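Observations on the model geometry
The lines below spell out each chain.
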Amino acid sequence: MLRTALRNVLAHKARLLMTVLAVMLGVAFVSGTLVFTSTISQAFQKSSEKGYSNVDVAVRPGPGAGQPAGPGAPGAADEGPKLDQRTLDAVRDLPGAGEVTGSVTGFTALADKKGKPVGEGFTSSGANYYADGADGRDDRYPMRDGRAPQRSGEIAIDAKTAERTGYKVGDEARLSVDGPVRTEKVTGVFTTESGSVAAGGTLVLFDTATAQQLLGQPGQFAEITVAAAEGTSQAQLKSAVEKAVPDGTEVVTGEKLAEDESEMIEQSMSGMQTGLLVFAGIALFVGVFIIANTFTMLVAQRTKELALMRAVGASRRQVTRSVLIEAFVVGTVAAVAGLLAGIGIGAGLRALMGNFGATMPDGPLVVTPTAVVASLVTGVLITVLAAWLPARRAAKIPPVAAMSSVHAVATTRSLLVRNTLGALLTGAGAALVVTASGMSDADSGKGPMGLGAGLMLIGVFVLTPLLSRPLIAAASPLLRIFGVSGKLARQNAVRNPRRTAATASALMIGLTLITGMTVIAGSVQKGIDRMATESLAADYTVSMANFMPLSPEVGQKLAKDPQVTASSPMRNSAAQVDGGTEYLTGVNGSAFAQLTNLDFTSGDDSALGGGKVVVDKDTAKEHGWKQGSSFPVTYEDGAKGELTVSGVYEGNEMVTGIIVDTKTLTPHIEHVADMKVMVKTADGATDAVKSSLEKTLGNNPAVLVQDKKDVSEGIAQIFTLMLNMLYGLLAMAVVVAVLGVINTLAMSVFERSQEIGMLRAIGLDRRGVKRMVRMESLVISLFGGVMGIGLGVFFGWAAGELLASSLPTYQLVLPWGRIGVFLAMAALVGILAALWPARRAARLNMLASIKSE
């Protein structure tokens, strides 16, 4: 039986080719994902280890100490131990301490020579050059050109940034830390092992005093790193340092720092890996239909052969085993090919990231044992499991019945059981989805909706043979246009409903996911767009490019601009209310009403100021407040006061919480900073006004000036990027579905060779045969497309209704244009998939085909 199985694989290798390709693509996706994420992860880990190579112990301040508290940080900023020069000197004097370095870091946006920001968000950073060592040098940042910064007004930049921007020693560069623009002289260019720089970020160095002033607290460090003297272990040094620094200070070993960094990198990679593996799973799931379909057709075509084997003594178990051995061989070949292709995909993805400017630390391509084992096991297991049912079906055919009939017809009872089961699963799934869509809590509704969607998808798949006849019959009027070929195509498509269903289901699943995601993304984008534009009356919002706190100096400059008619900062501060922490949002009380369009359920914001505040409905409900209610408050500096609710409004993502006048709130904030500034101008939102405001702020590389259109476009850009990524990932499932259509048609042509020969003999020309196969493929693909789009729209609607509970401005948007494109894609899939099978059918020898069995 083993030799028979291997001979069958070799005899049907052409028919198994598409199955091998389908499995190979799915496995390649899995192995490519694992290789790619392992390569990135190890590259960053190696780079991180280099950064900690000279660190044996690190000292950090206690919580809330040594750095600005920032907006919203409860409690005074000066509580707890700090790292100052005295602490550093105490550590340096320890017997086991070698080189000791004080560090300060923070966000620093650098502009290129055209004024555009270099790097993005958190990858743009600044630090100090610590020149207080024995040799006056900081070994972390060896200078390639020039010298280190020594005073205010001087900076050094990393070599990669210098290459990108063209800055040289002696040039002047513009930068910003928290809003105001600074012009600094470049005195040096340095090299660094920093992982963020290796990943495409920027690093700007200041002298220590300037860095402390700009990025932290004057005279204080964010971290002190210590290298152990010869003969001193990290544990011994850690113990000695803990005794020398103030109580509450955090002391960790360099080994622990490297481990934490490695764990953080792994966690950040795991999200990407999980996401990519989900799509690989989808591609493999779609591949299951192709595998099952292929082996079902092979079993049907070899019914007489299998019956003969049963007649000469082969048991059912042996027949089942022989089919599974064939599947095992096919799966092994596909898995090995997929693994090799996946390694190539991993290398290609890495190179592709470089082409898009997302640079990474240097490192080798990493192929882990996990990637190899997972790929091989996945390919073999998927193929064998998918072939199990066809194998059992083959073993159950009685030898006598098989010898007398080429095809085993499904019994009425089996069809009834299948349709009943499909109806029950579909009904239960739909009920769960509809129930979940009406839940008020999106988090609690995710589980039932996911379960319901899965049940419904399985139920529809089980019902697909039943649904194929009426839906394909609906296309009859169009097929009649093509005469005899069209009529034959329709009859062929419904001749074997199970086969048609399995072929169409692969495409259906891909289009269900693509359509559903498109509906959800478009609707959420519309909802956020409405929220952004309807809740704000301001012409512009001004914020940091990385959405970190903004210096109040920015708001003050804008308020003085002659064309600005109203402006207000939005600054946050934590406070104690009713025994818990609530965040107060400080605004310009006299201008707030002109800058927002809030929907008030009671009262209004006309009295905002002094001790009068407005509160969103959810917060008011939580505390039992209403218009006129008063409540005690303890500000972040410990001062106590009383506030009165003058209005309750419908909160949203743009404006929420307790809104208080800045005149009341600011005196209690240790370090004043704004999250953004709202601006209204006399001439409204125009390009000229926007340019003028940017000029007022010194064309600051760190500051974003956005009107409502910019906000909408930014939202649209995010969703467009997300959708394009999803389309690209789901394209693999569509490609596998195309292979399924090609496979089914090719095997169907082989199966119907005698029939095609007879049609040729009675007058159907080659062109008619080609047209028949193409029309059959088109009908099957459009059937899968219609089913997929219908399910996708339903799931998109249901998920949107669930999201509407947390996004009040949500609005269902049906992207008719894209739906039309998806349907056209399904038709194109059918046409392309039929090219080779149609050509093969037309070229069959008429007499040889008639003589075939």
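Residues numbered from 1 in each chain as written. Predicted model: local features only at pLDDT ≥ 70, side-chain atom pairs only at ≥ 80, totals over all residues. Heavy atoms only, no water.

Some points on the overall build of the protein chain
Along the backbone of the protein chain there are 28 helices and 23 strands. For the C-alpha atoms alone, the extent of the protein chain along its principal axes is close to 95 × 70 × 50 Å. In the protein chain, the proportion of contacts linking residues at least 24 apart, taken out of those at least 6 apart, comes to 82%. With the model as given, the accessible surface of the protein chain reaches about 38300 Å², and the carbon-plus-sulfur share is 59%. The centroid of the 76 positive side-chain charges in the protein chain is displaced by 22 Å from the centroid of its 73 negative side-chain charges. (Helix = DSSP H or I, 4+ residues; strand = E, 2+ residues; numbered from the N terminus. Contact = heavy atoms within 4.5 Å. Areas by Shrake-Rupley, 256 points an atom, 1.4 Å probe, with all protein chains shown as cover. Lys, Arg positive; Asp, Glu negative; His and termini not counted. Charge placed at Lys NZ, Arg CZ, Asp CG, Glu CD.)

Here's the deal with the packing of helix H14 (residues 442-473) against helix H17 (residues 497-534)
Where H14 contacts H17, the two axes come as close as 9 Å, and the packing angle between them is 120 degrees. In terms of crossing hand, the pair formed by H14 and H17 is right-handed. Across from Leu457, Val460, Phe461, Thr464, Pro465, Ser468, Arg469 and Ile472 in H14, the residues of H17 making contact are Pro497, Arg498, Thr500, Ala501, Ala502, Ser505, Met508 and Thr512. Of the residues contributing to the contact of H14 with H17, the split by class is 9 nonpolar, 5 polar and 2 charged. (Axes fitted to C-alpha atoms, helices over the stretch in contact; angles between N-to-C directions. Left-handed = near helix turned anticlockwise from the far one by under 90°. Nonpolar A, V, L, I, M, F, W, Y, C, P; charged D, E, K, R; others polar.)

Some remarks on unusual backbone geometry
Positive phi outside glycine occurs at Asp578, with the angle close to 55 degrees. Tracing the backbone shows Asp578 in the loop between strand E15 (564-577) and strand E16 (580-587).

Details of the confidence of the model for the protein chain
Looking at the protein chain, the pLDDT average stands at 83 and 90% of residues meet or exceed 70. Low pLDDT, under 50, characterises residues 64-78; the predicted model gives this stretch 41 contacts beyond four residues in sequence or across chains. (pLDDT = per-residue confidence, 0-100.)

A few points about a nonpolar patch on the surface
Side chains of Val373, Val377, Leu381 and Leu385 sit close together on the surface and give an oily, nonpolar patch of about 380 Å² of accessible area. Summarising the element assignment, Leu381 is placed in helix H11 (residues 369-396). (Patch = residues over 30% accessible without salt bridge, like charges linked within 9 Å, V, L, I, M, F, W, Y side chains within 5 Å. Salt bridge = Lys/Arg side-chain N within 4 Å of Asp/Glu carboxyl O.)

Thoughts on the side chain of Thr662
Residue placement: Thr662 occurs in helix H21 (residues 662-665). Residue Thr662 is classed as buried on the basis of its relative accessible area of 13%. Among all residues touching Thr662, those that are not within four sequence positions of it are Pro569, Arg571, Gly586, Val587, Asn588 and Pro667. (Buried < 20%, exposed > 50% of the residue type's maximum accessible area, 1.4 Å probe, protein only.)

Here we look at the packing of aromatic side chains
Evaluated as defined, the whole model comprises 6 aromatic pairs. Between Tyr130 and Phe221 the ring centres are 6.1 Å apart and the planes differ by 75 degrees, which places this aromatic pair in the edge-to-face class. Of this pair, Tyr130 sits in the loop between strand E6 (124-129) and strand E7 (143-146) while Phe221 sits in the loop between helix H6 (208-215) and strand E12 (223-228), and the two are 91 residues apart along the sequence. Accessibility assignment for this pair places Tyr130 and Phe221 in one class, buried. Look at Trp625 and Phe631: their rings are 4.0 Å apart centre to centre, the planes differ by 10 degrees, and that puts the pair in the stacked class. One aromatic cluster is present, formed by Phe794, Phe795 and Trp797 through successive ring pairs. (Phe/Tyr/Trp six-rings, centres within 6.5 Å; stacked < 30°, edge-to-face > 60°.)

Comments concerning the nonpolar core
Of all hydrophobic cores here, the largest spans 86 residues; its most connected members are Val286, Met449, Leu507, Ile756 and Val773. At 17 residues, helix H23 (residues 708-751) tops the list of elements feeding residues into this core. Apart from residues lying up to four places away in sequence, Leu507 is in contact with Val734, Ala737, Ser781, Gly785, Ala826 and Val829. Counting residues in hydrophobic clusters, the runner-up holds 32 residues, among them Val100, Tyr130, Ile155 and Phe221. (Core = buried A, V, L, I, M, F, W, Y, C linked by side-chain atoms within 4.5 Å.)

Description of the pairing of strand E11 (residues 202-207)
Burial runs high along E11: 6 of the 6 residues are buried. Residues Thr202, Val204 and Phe206 line one face of E11 and the alternating positions Leu203, Leu205 and Asp207 line the opposite face, and both faces are buried. Alignment of E6 against E11, held across 6 bridges, turns out to be parallel. Each bridged residue has a counterpart across the sheet, and for Ala127 the counterpart in E11 is Leu205. Relative to E11, strand E8 (residues 154-158) is paired through 2 bridges, and the arrangement is antiparallel. Its bridge partner lying in E11, Ile157 is registered against Val204. (Pairing = 2+ DSSP bridges.)

Brief notes about the pairing of E12
For a regular strand, the rule is simple: side chains alternate between the two faces of the sheet. The buried fraction of E12 amounts to 5 of the 6 residues, a majority that puts the element mostly inside the structure. Note: strand E1 (residues 57-60) against E12, 3 bridges, orientation antiparallel. Residue Ala58 lies in a different strand from E12, and its bridge partner there is Thr225. In terms of strand pairing, strand E2 (residues 97-103) meets E12 through 5 bridges, oriented antiparallel. In the strand pairing of E12, Val100 is matched with Val226.

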